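One letter stands for each residue in the lines below.
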Amino acid sequence: MIPMDPQEILSLCKRRGFLWPAYDIYGSVAGLYDYGPLGTAMKNSIENYWRQLYVLGEGFIEINCPVVAPEPVFKASGHVDAFSDMYVECNSCGETYRADHLAADKHPNPASLNEEQLGKVLKEIGAKCLECGGELTSPKRFNLMFKTSIGAGRGKVAYLRPETAQGMFVNFSQMYRYGREKLPFGAVQVGRAFRNEISPRQGLLRLREFNMMEAELFVHPEDKTWPKFKDVKGEVLPLVPNSGDSRSMSLDDAVNEKIIRNEVLAYFVWLTFKFAVDIGMDPKRLRLRQHIKTEMAHYASDCWDLEAELGYGWTELVGVADRGSYDVQAHIDHSGADLTAFERFEEPKEIEQEVVKPNFGALGPLFRGEAKMVSEALAGLSTEKVKGKKEVTVDLDGKKFVVPASCYEVVRKIEKVSGRKLVPHVIEPSYGVDRMLYAVLDHSYVKKEDYVTLRLKPIVAPIKAGVFPLMPRDGLDTIALEIFDELTRSGITAYYDDSGSIGRRYARMDEVGTPCCITVDYDSKDDHSVTIRDRDSTSQIRVKKDHVLEAVKALMDGVGFESLAKMK
RNA sequence: GCGGCUGUAGUCUAGCGGUUAGGACUGAAGCUUCCCAAGCUUCAAACCCGGGUUCAAAUCCCGGCAGCCGCACCA
């Protein structure tokens, strides 16, 4: 396959109503696109099929959260700090550098400094442009999140979400309860996310506002097995592990050889591959690449990308990451909420232990207003520290209190423990909708002597059937309109066209990926049959008009065109 | 954000200081018993935006915006 020229595909998209540069009449904005009617239909199909796999197939629950979130959410997630980079520019040659990288030798953690401090450090070491030796500007901060505010006046600092994931992490407790307190469980969200890219490029691949389909699977931290793994373990996938040797191997081998870290991850890597193929990507132009260690996000312990070979080169479409407990723990730390799952022991355990028990009768008179603080300090001491001593000194805010032995005793206490709290680990498959849609178009684009056919699978084709009268008169149009009505009433998107030559009408449908076309000709008036034409082979069969709906439905369900001939 | 190249109907493009801005494809209306972008007639549709130079700018200059390529960035 020759890689498709992206310009050609984007031109088709623009001409035929898949995509338009947004706000075109005002000069457009880089990185913003409108989906036209066909693009919208196709995007909906991709999202709906994804829901079919994740929500219906895997039982994940779907939620929908706001796009705007107050600052603390992204403080916790690390986006406010980690997602903003500092740059310096060379005054003479214009080269830009990551400011913290230049200061790496001088300061242990330059990324933690603010602009001013970092500027000082750079001055001290006399940093110059590495290219031409020119003077550098002072550091400028660039955060890739869109900032806004909630409310009037000064308002509350807020950001547009750079991923949908956080909405699911912060709702862990609600979802956990909704699912009747079981692990593992999965949640998904389909929606928009925003990144103020410095330089959006490559059409749909790097947008400032884009669509994501994200799944967060919350699992027991020590149990990353997966029941359905056994059903797919023999499946062979094209893997590119970070050890370097890319090869196709079975999921079973990949997990056993610890190339993929666990079953859950392996299963969703497989599901991702299946999804891509099902919506029409070419398996020969797909691969699963493991992130190399330095590439891995700070929270991830393993991450696999689904990549497709496109006109732009190999392109990341999906990331499947083991995020560990990073995100949930971060929100626990920042919000104080208890975002844990409770693991019930098979039998409640009785734990017997020695504790220091304060004696309030003695403490009260002795320490008065400070008695409560002292008692709390006492209760926190280990019994080893107080045993056999006449008095013990506790330290409170730098103030020392000498507490005589009469104020406490060491007792044995039996505590019943019925389980333990767990911070769940998260496996995250994160899909870029726009990239997937583009990849499907790229892999479906077939050009033969300037004749373009989009070989879209019926499942994603925006129009499922074209309906034409051979001539727009003699009653042929009436019959064709009857068929058109029947299809659309059944929920099948059809397109009626009676203008121009029949070949032109076929060509129009081929170019937008319509899988089949139904043509009413003069024979139809006599024998009530019509032709159905297959897009990819251009071959035709005749079926009775009454069987058209059934035939089109069969095609939608993936029945091959050849076997359609038998059913008429 | 930097550098290079580039912006003319929906698409591809001609133009090189004075043009009714030309063509092809697409689109629309019609003719043609018309099954694979056929033919014929008619029609619609463009100089990215803003300044400047000039008697005169699609054309030259500057700035912006957008696109492509490279660099950087990409949780």
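Residues numbered from 1 in each chain as written. Chains lettered and ligands numbered in written order. Predicted model: local features only at pLDDT ≥ 70, side-chain atom pairs only at ≥ 80, totals over all residues. Heavy atoms only, no water.

Below, the discussion takes up the protein's contact with RNA strand B. Around RNA strand B there are 51 residues in total, and H79, F83, R195, R508 and Q540 lie nearest to it. Restricting the count to atoms of RNA strand B within 4 Å of the protein gives a sugar and phosphate share of 48%. H79 has a polar side-chain atom sitting 2.6 Å from a base nitrogen of RNA strand B. The separation between a base oxygen of RNA strand B and a polar side-chain atom of Q540 is 2.5 Å. Looking at the surface near RNA strand B, the elements that each hand over two or more residues are α1 (6-16), β5 (84-89), β6 (96-98), β23 (451-454), α18 (502-511) and β27 (529-534). Residue contributions to the surface near RNA strand B peak at six residues, all from α18. In terms of residue class, the surface near RNA strand B is made up of 17 nonpolar, 20 polar and 14 charged. (Near = heavy atom within 4 Å. Polar contact = N/O pair within 3.5 Å; in protein donor to acceptor, adjacent residues only side chain to side chain. Helix = DSSP H or I, 4+ residues; strand = E, 2+ residues; numbered from the N terminus. Nonpolar A, V, L, I, M, F, W, Y, C, P; charged D, E, K, R; others polar.)

Packed helix pairs are specified by the crossing angle of their axes together with the interaxial distance, meaning the distance between the axes. Following both chains from N to C, one finds α1 and helix α16 (residues 433-444) inclined at 105°, their axes separated by 11 Å at the closest point. The angle between the axes of α1 and α16 places the two elements in the roughly perpendicular class. Contacts between α1 and α16 involve P6, I9, L10 and C13 from the former and Y438, L441 and D442 from the latter. Residue classes in the contact of α1 with α16 are distributed as six nonpolar, no polar and one charged. (Axes fitted to C-alpha atoms, helices over the stretch in contact; angles between N-to-C directions. Parallel < 35°, antiparallel > 145°, perpendicular 65-115°, else oblique. Contact = heavy atoms within 4.5 Å.)

Under the criterion given, the structure shown has 30 salt bridges. A salt bridge links R15 to E511, with the shortest nitrogen-to-oxygen separation between them at 3.0 Å. Placement of the pair is R15 in helix α1 and E511 in helix α18, with a sequence separation of 496 residues. Residue D327 pairs with R323 through a salt bridge whose shortest N-O separation is 2.7 Å. This pair shows no difference in class: D327 is buried, exactly as R323 is. In this structure, a network of salt bridges that share partners links the residues E163, R323, D327 and E428. (Salt bridge = Lys/Arg side-chain N within 4 Å of Asp/Glu carboxyl O. Buried < 20%, exposed > 50% of the residue type's maximum accessible area, 1.4 Å probe, protein only.)

For the pair helix α2 (residues 37-57) and α16, interaxial distance at closest approach is 10 Å and the crossing angle is 110°. Comparing their axes, α16 and α2 come out roughly perpendicular. Across from G39, M42, K43, I46 and E47 in α2, the residues of α16 making contact are V433, L437, V440 and L441.

What follows deals with unusual backbone geometry. Along the chain, L183 connects to P184 via a cis peptide bond; the corresponding omega equals -5°. Counting through the fold element by element, P184 comes out in the loop between α8 (172-178) and β10 (185-194). For E449, which is not glycine, the phi dihedral falls at a positive 50°. Of note, E449 is situated in the loop between β22 (445-448) and β23.

Strand order in this open sheet of three strands is β4-β9-β8, and the pairing throughout is antiparallel. In this open sheet, the two strands that pair with only one neighbour each are β4 (68-70) and β8 (147-150). The average angle at which neighbouring strand axes cross in this sheet is 45°, direction not considered. Note: β4 against strand β9 (residues 156-160), three bridges, orientation antiparallel. Counted as the bridge partner of P70 is A158 from β9. (Pairing = 2+ DSSP bridges.)

In terms of nonpolar packing, the biggest core is built from 82 residues, with Y54, F268, F275 and M436 touching the most fellow members. In terms of residue count, the dominant contributor to this core is helix α11 (residues 263-278) (eleven residues). When residues are assigned to domains, this core turns out to be shared by domain 1 (6-70 + 149-328 + 426-432) and domain 4 (463-567), each giving three or more. Once you skip the residues sitting within four places of it in the chain, M436 turns out to touch F275, A276, I279, M281, L306, L317, V318 and Y431. Counting 25 residues, the second-largest nonpolar core is a separate cluster that includes I483, L487, V548 and L564. (Core = buried A, V, L, I, M, F, W, Y, C linked by side-chain atoms within 4.5 Å. Domains from an automatic or database assignment.)

Glancing now at the state of the cysteines. Inspection of every chain in the model, using the stated rule, returns zero disulfides. The cysteine C516 is free of any disulfide, with C517 supplying the nearest cysteine sulfur at 6.7 Å. (Disulfide = S-S within 2.5 Å.)

Another aspect to go through is the pairing of strand β11 (residues 209-219). Of all eleven residues that make up β11, ten are buried, and the element is covered over most of its length. Sheet topology places β10 next to β11; ten bridges connect them, and they run antiparallel. Across the sheet, residue V190 finds its bridge partner in β11, namely M213.

Once that is clear, we can look at the sheet that holds strand β15 (residues 302-310). Strand order in the open sheet formed by nine strands is β3-β10-β11-β21-β16-β15-β14-β12-β13, and the pairing between neighbours is mixed. Taken across any chain shown, the strands that pair with only one partner, and hence form the sheet edges, are β3 (61-62) and β13 (247-250). As defined by bridge partners, β11 adjoins strand β21 (residues 425-432) across six bridges and the pair is classed as antiparallel. Its bridge partner being in β21, V219 is matched across the sheet by H425. Across the sheet, α2 lies against β3, β10, β11 and β21, angled at about 0° from β11, the strand it touches most.

Here we come to the layout of surface pockets. The volume enclosed by the second largest pocket comes to roughly 810 Å³. The wall of the second largest pocket is formed by 37 residues, among which L456, K457, P458, I459 and R535 lie closest to the centre. Those elements that place two or more of their residues in the lining of the second largest pocket are α2, α11, α16, β22, α20 (548-556) and α21 (561-567). In terms of residue class, the lining of the second largest pocket is made up of 18 nonpolar, eight polar and eleven charged. The two domains that each donate at least three residues to the lining of the second largest pocket are domain 1 (6-70 + 149-328 + 426-432) and domain 4 (463-567). (1 Å grid on protein atoms, 1.4 Å probe; cavity = no way out; pocket = protein on both sides within 12 Å on 5 of 7 lines; lining within 4 Å. Points joined across faces, edges and corners; volume = space filled by probe spheres on them.)

Next up on the list: the side chain of D497. Mapping D497 onto the fold places it in the loop between β25 (494-496) and α18. Those residues in contact with D497 that sit more than four places away from it in its chain are V467, F468, P469, R505 and R508.

Moving on, we get to a nonpolar patch on the surface. A cluster of nonpolar side chains, contributed by Y23, I25, Y26 and V29, occupies part of the molecular surface with about 550 Å² of accessible area. Tracing the chain through its elements places I25 in the loop between β1 (19-21) and β2 (33-35). (Patch = residues over 30% accessible without salt bridge, like charges linked within 9 Å, V, L, I, M, F, W, Y side chains within 5 Å. Areas by Shrake-Rupley, 256 points an atom, 1.4 Å probe, with all protein chains shown as cover.)

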